[in-house]
Amino acid sequence: MKKNSGRILYVEFAIAIFIFLFVYTGINKLFAVEEFRAVLSKSPLLSFAASYIAWILPVIELFVSLLLLLPHTKAYGLLLSTLLMTFFTAYIGYMLLFTPKLPCSCGGILKELNWSQHLLLNSALLLLSISAWLLSKKDKRFIAINRNSRIPV
Amino acid sequence: MKKYLLGIIAVIAAITFSSFTQEEKKPADDIYYFYMVDENGVIPAGASVQFGGQVTLSYANANDGCTGSTNHCLRGFITQPSLPTAQSGDVQTLKN
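Residues numbered from 1 in each chain as written. Chains lettered and ligands numbered in written order. Predicted model: local features only at pLDDT ≥ 70, side-chain atom pairs only at ≥ 80, totals over all residues.

### What about the overall build of chain B?
To keep things clear, this is the line we draw: Helix and strand definitions here come from DSSP, where helices need a minimum of 4 consecutive H or I residues and strands a minimum of 2 consecutive E residues; each element is numbered from the N-terminal end. Burial is judged by counting the other C-beta atoms within 10 Å of a residue's own C-beta: 20 or more makes it buried, 12 or fewer makes it exposed, and any count in between marks it as partly exposed, with every C-beta position built from the backbone. Two residues qualify as a contact pair if the distance between their C-beta atoms, derived from the backbone, is within 7 Å.
If you tally the helices and strands in chain B, you get 2 helices and 4 strands. Going from N to C terminus, chain B has its helices and strands arranged as α-β-β-α-β-β. Across the 96 residues of chain B, 23% fall into the buried class. Residue pairs in contact within chain B that sit at least 24 positions apart in sequence constitute 57% of those at least 6 positions apart.

Encoded structure:
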């Protein structure tokens, strides 16, 4: 029982972190959408669609935050968070290897990090999202068993 | 309501932090072509772009290699100027 409540707490904590992260970076990107688009247009990987990505990415981040906030869609939210973090981490890895002189197109204070620090942070967040997603699947099983046991006497 | 609590706290915290980290509007293009200035304050003809391409001012400041040397250093341009030029450019790296 104690182990399961620890697991639930871990998942809820991870969800809160990702809601914070995506709402914060999403809002910051939307507030500085022109600057974000200008930096993306210099990226060798994403320049071809910079104008679209500058709008779509923050909207996706806010949408994922909404999925994470609603109890019935948390699992999808965690899955999409994992996919987003995988994409961000791969992108940072690419930038670090091929164009380290370009600035980061991140939102808010994350822009102050250099590429290596950013890669470290993103790797940690990626691990957090993967573990939370896997644990949330286990939580579902636990809740189902618990509900079955609550038979009125 | 309790199951939304952590999430709502996270949303409020994110919005609060965002409102505190809004910077003043910068020009949309904050990446520049940097050129080395000579003793006469001129970027000579044929001078090559420093760092191999466009970089930010903070990157140029950290890597201009001017520490303790001269009173001239790098000038940054949003668009590549025709050389030679004595223009001061859009930004300049700090003189050391």
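From this point, the discussion proceeds with the structure in view.
### Considerations on the interface of chain B and chain A
Short version of the rule: Residue classes follow a fixed rule: Ala, Val, Leu, Ile, Met, Phe, Trp, Tyr, Cys and Pro count as nonpolar, while Asp, Glu, Lys and Arg count as charged, and any other residue, Gly among them, counts as polar.
Opposite the 25 residues of chain B that make contact, chain A presents 21 residues. Of all the elements in the fold, those that place two or more residues in the side of chain B that touches chain A are α1 (5–20) and β2 (55–56) of chain B. With 10 residues, α1(B) is the single largest residue contributor to the side of chain B that touches chain A. Partitioning the side of chain B that touches chain A into residue classes produces 14 nonpolar, 7 polar and 4 charged.

### Notes on the confidence of the model for chain B
Residues and elements named next belong to chain B. Cut-off, in case you're wondering: Values of pLDDT, ranging from 0 to 100, describe the predictor's confidence in every residue of the model.
Scored by pLDDT, chain B comes out at a mean of 78, with 79% of its residues at no less than 70. For chain B, the element scoring lowest by mean pLDDT is helix α2 (residues 57–63), at 77; strand β1 (residues 31–36) scores highest, at 87. Across the interface, the model reports ipTM at 0.75; the global pTM reads 0.65.

### Remarks on the nonpolar core
Note the following rule: Note on definitions: a nonpolar core is a set of buried residues drawn from Ala, Val, Leu, Ile, Met, Phe, Trp, Tyr and Cys, linked by C-beta atoms within 7 Å.
With 26 residues, the main nonpolar core has A:Ile15, A:Phe18, A:Ile19, A:Phe20, A:Val23, A:Leu68 and B:Ala14 as its most contacted residues. Where this core is concerned, the elements lending two or more residues are α1 (2–31), α3 (50–69), α4 (74–98) and α5 (115–149) of chain A together with α1 of chain B. It is α1(A) that provides the largest number of residues to this core, a total of 12 residues. Here A:Val23 is in contact with A:Leu62, A:Ser65, B:Val11, B:Ala14 and B:Ile15, once residues within four sequence places are set aside. Of all hydrophobic cores here, the second largest spans 12 residues; its members include B:Ile31, B:Phe34, B:Tyr35 and B:Tyr59.

### A closer look at the sheet that holds strand β4 (residues 91–92) of chain B
All names here are of chain B. How we decide: In this description, strands pair whenever DSSP reports at least two bridges between them.
Pairing within the open sheet is antiparallel, and its 4 strands lie in the order β2-β1-β3-β4. Among the strands making up the open sheet, the edge pair consists of β2 and β4. Where β1 meets β2, 2 bridges bridge the pair, whose relative direction is antiparallel. Among the inter-strand pairings, tyrosine 32 is bridged to a residue of β2, identified as valine 55.

### Regarding α1(B)
All names here are of chain B. Keep this limit in mind: Each residue after the first adds 1.5 Å to the expected span of a helix. Each C-beta atom gives one direction from the helix axis, and the arc is the one those directions make.
With 16 residues, α1 ought to run about 22 Å at 1.5 Å a step, and its terminal C-alpha atoms sit 23 Å apart, in line with that. Three or more residues of α1 are buried, namely Gly7, Ala10, Val11 and Ala14. Looking straight down α1, one finds that the buried residues subtend no more than 100° of arc, so they occupy a single side. Those residues of α1 that are exposed and aimed more than 90 degrees away from the buried face are Leu5, Ile12, Thr16, Ser19 and Phe20.

### Comments concerning the pairing of strand β3 (residues 74–77) of chain B
Two faces, one strand: in a regular strand the side chains alternate between the faces of the sheet. Residue and element names in this part refer to chain B. Where β1 meets β3, 4 bridges bridge the pair, whose relative direction is antiparallel. Each bridged residue has a counterpart across the sheet, and for methionine 36 the counterpart in β3 is leucine 74. Examined bridge by bridge, β3 and β4 share 2 bridges and lie antiparallel to one another. When the sheet's bridge partners are listed, arginine 75 is paired in β4 with glutamine 92.

### Some thoughts on the environment of A:Lys138
Tracing the sequence through the fold places A:Lys138 in helix α5. Distance in space between the C-alpha atoms of A:Lys138 and A:Asn4 is 9.1 Å, their sequence separation being 134 residues.

### Focus: the packing of helix α2 (residues 33–40) of chain A against α3(A)
Residues and elements named next belong to chain A. Put simply, the rule reads: To obtain each axis, a line is fitted to C-alpha atoms, and for helices this fit is confined to the stretch in contact; angles are then taken between N-to-C directions over 0 to 180 degrees. By the definition adopted for this analysis, an angle is roughly parallel if under 35 degrees, roughly antiparallel if over 145, roughly perpendicular if from 65 to 115, and oblique otherwise. For a crossing to be left-handed, the near helix must be turned anticlockwise from the far one by less than a right angle; the clockwise case is right-handed.
Relative orientation of the contacting elements α2 and α3 amounts to 135°, with a least axis distance of 8 Å. Relative to α3, α2 is oriented oblique. The two elements α2 and α3 meet at a crossing, and its hand is right-handed. On α3, the residues touching Val33, Phe36, Arg37 and Leu40 of α2 are Ala50, Ser51, Ile53, Ala54 and Trp55. Its residues assigned to classes, the contact of α2 with α3 comprises 7 nonpolar, 1 polar and 1 charged.

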